[in-house]
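# An overview of the molecular structure
Next come the chains, spelled out residue by residue.
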Amino acid sequence: MADNLLIITGTKKEQYEILLPQIKALITGEPDLIANLANIVAALKEQFGWLWVGFYLVKKEELVLAPFQGPVACTRIKKGRGVCGKAWADAQTILVDDVEKFAGHIACSSLSRSEIVVPVLKNNEVIAVLDVDSELLSNFDETDKIYLEKMLGNTMEIWY
Ligand code: SME
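Description of the structure in this document. Note that this is a predicted model, so its numbers are computed, not measured.

Reading the values: rules and limits
Residues numbered from 1 in each chain as written. Predicted model: local features only at pLDDT ≥ 70, side-chain atom pairs only at ≥ 80, totals over all residues. Heavy atoms only, no water. Helix = DSSP H or I, 4+ residues; strand = E, 2+ residues; numbered from the N terminus. Rg over C-alpha atoms; globule rule 2.2 N^0.38 Å. Buried < 20%, exposed > 50% of the residue type's maximum accessible area, 1.4 Å probe, protein only. Contact = heavy atoms within 4.5 Å. Areas by Shrake-Rupley, 256 points an atom, 1.4 Å probe, with all protein chains shown as cover. Near = heavy atom within 4 Å. Polar contact = N/O pair within 3.5 Å; in protein donor to acceptor, adjacent residues only side chain to side chain. Nonpolar A, V, L, I, M, F, W, Y, C, P; charged D, E, K, R; others polar. Core = buried A, V, L, I, M, F, W, Y, C linked by side-chain atoms within 4.5 Å. Disulfide = S-S within 2.5 Å. Axes fitted to C-alpha atoms, helices over the stretch in contact; angles between N-to-C directions. Parallel < 35°, antiparallel > 145°, perpendicular 65-115°, else oblique. Pairing = 2+ DSSP bridges.

Moving on to the overall build of the chain. Helices and strands together make up the secondary structure of the chain, namely 4 helices and 6 strands. Its helices and strands taken in sequence order, the chain reads α-α-β-β-β-α-β-β-β-α from the N to the C terminus. Taken against the 2.2 N^0.38 rule, which gives 15 Å for 160 residues, the C-alpha radius of gyration of the chain at 15 Å falls within 12% of a compact globule. Overall, the chain is about 40 × 35 × 25 Å in size when its C-alpha atoms are taken along their principal axes. Buried positions account for 46% of the 160 residues belonging to the chain. Counting only contacts in the chain whose residues sit at least 6 apart along the sequence, the fraction spanning at least 24 positions is 52%. On the chain, roughly 8,100 Å² of surface is accessible, and the fraction owed to carbon and sulfur atoms is 52%.

Structure representation (structure tokens):
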């Protein structure tokens with residue numbers, strides 16, 4: 001895979017359409033999970049410029065911080081806690097238009113205003129979550145949900 005990502009302007013849908021095949025190409029043939037997660041979050045950050053984008057991995061009874069781009073973040077999150085812990089417990093994507101209105105939201109950065117958390121499922125179990133934060137209110141919508149879920153569905157070969 002080339003080291004240069006093609007970054008485009010356009011609608012959110014157009015940006016995902018160009019980015020997702022590039023992410024697929026970046027991870028294809030590379031067996032190391034951490035290397036792949038690192039490149040996925042770097043590619044997303046480069047295209048969209050979000051405040052924070054990263055993974056948490058399910059380890060025993062907690063989510064543990066994994067590759068990310070953005071300000072330093074909380075290292076461990078318990079099941080059911082915050083947006084990430086709830087997406088894990090419910091095994092469902094959660095869109096938060098205004099983090100201040102989400103009871104129990106964990107504020108890793110005071111700049112964060114809206115958030116989307118997408119779980120990664122393997123054999124019907126959540127094994128990780130992808131968390132994305134924005135400084136803008138209501139920055140995530142159904143388009144992000146559809147494409148981020150699709151992107152994670154395309155990464156299944158990298159997970160243990
Ligand atoms: N806001 C998240 C915590 C993780 S940080 O945003 C990176 C939550 O409420 O689960």
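Once the structure has been displayed, the description carries forward.
Around the ligand, 13 residues are found, and the nearest of them are Val83, Cys84, Ile106, Cys108 and Glu115. Contact distances for the ligand include 3.4 Å between an oxygen atom and a side-chain N or O atom of Asp131. A distance of 3.2 Å separates an oxygen atom of the ligand from a polar side-chain atom of Asp133. Here the element with the most residues in the shell around the ligand is helix α3 (residues 82-90); it accounts for 3 residues. Across the shell around the ligand, the residue classes tally to 8 nonpolar, 2 polar and 3 charged.

Once that is clear, we can look at the nonpolar core. Ranked by internal contacts, the top residues of the largest apolar core, which has 33 residues, are Ile40, Leu44, Phe55, Leu130 and Trp159. Those elements that provide at least two residues to this core are α1 (12-27), α2 (33-48), β1 (52-59), β5 (114-122), β6 (125-134) and α4 (142-153). Residue contributions to this core peak at 7 residues, all from α2. Contacts of Leu44, omitting those with residues within four sequence positions, involve Leu19, Ile23, Gly49, Trp50, Val53, Leu130, Leu148 and Met151. The next biggest cluster of nonpolar side chains, apart from the first, holds 17 residues, and it includes Leu51, Trp52, Ala87 and Phe102.

This next bit is on the state of the cysteines. Under the counting rule described, the total for this entry stands at 1 disulfide. Covalent S-S linkage joins Cys74 and Cys108, the inter-sulfur distance amounting to 2.2 Å. Taking the sign of the S-S torsion, -60° for the link of Cys74 and Cys108, the bridge is left-handed. Placement of Cys74 in the loop between β2 (62-69) and β3 (76-78) and of Cys108 in the loop between β4 (94-96) and β5 is noted, with a sequence separation of 34 residues between them. Cysteine Cys84 shares no disulfide, and the gap to the nearest cysteine sulfur, in Cys108, comes to 7.5 Å.

With that out of the way, let us pick up the packing of α1 against α4. Orientation of α1 relative to α4, taken along the N-to-C sense of each, is 10°, at an axis distance of 11 Å. Compared by their axis directions, α1 and α4 come out roughly parallel. Residues Lys12, Lys13, Tyr16, Glu17, Leu20 and Ile23 of α1 touch α4, and the partners they reach there are Thr143, Asp144, Tyr147, Leu148, Lys150 and Met151. Looking at the contact of α1 with α4 residue by residue, the classes come out as 6 nonpolar, 1 polar and 5 charged.

Within a regular strand, side chains alternate between the sheet's two faces. Along β1, 6 of the 8 residues are buried, which leaves the element largely enclosed by surrounding structure. Sheet topology places β1 next to β6; 6 bridges connect them, and they run antiparallel. Opposite Phe55, over in β6, you have Leu130 as the bridge partner. Of the pairings in the sheet, the one linking β1 to β2 comprises 6 bridges and is antiparallel in character. Looking at β2, one finds that Gly54 is bridged to Phe68. Joining the antiparallel neighbours β1 and β2 is a turn of 2 residues, in which Lys60 adopts a positive phi near 55°.

In short, shape yes, function no, at least from these values alone.
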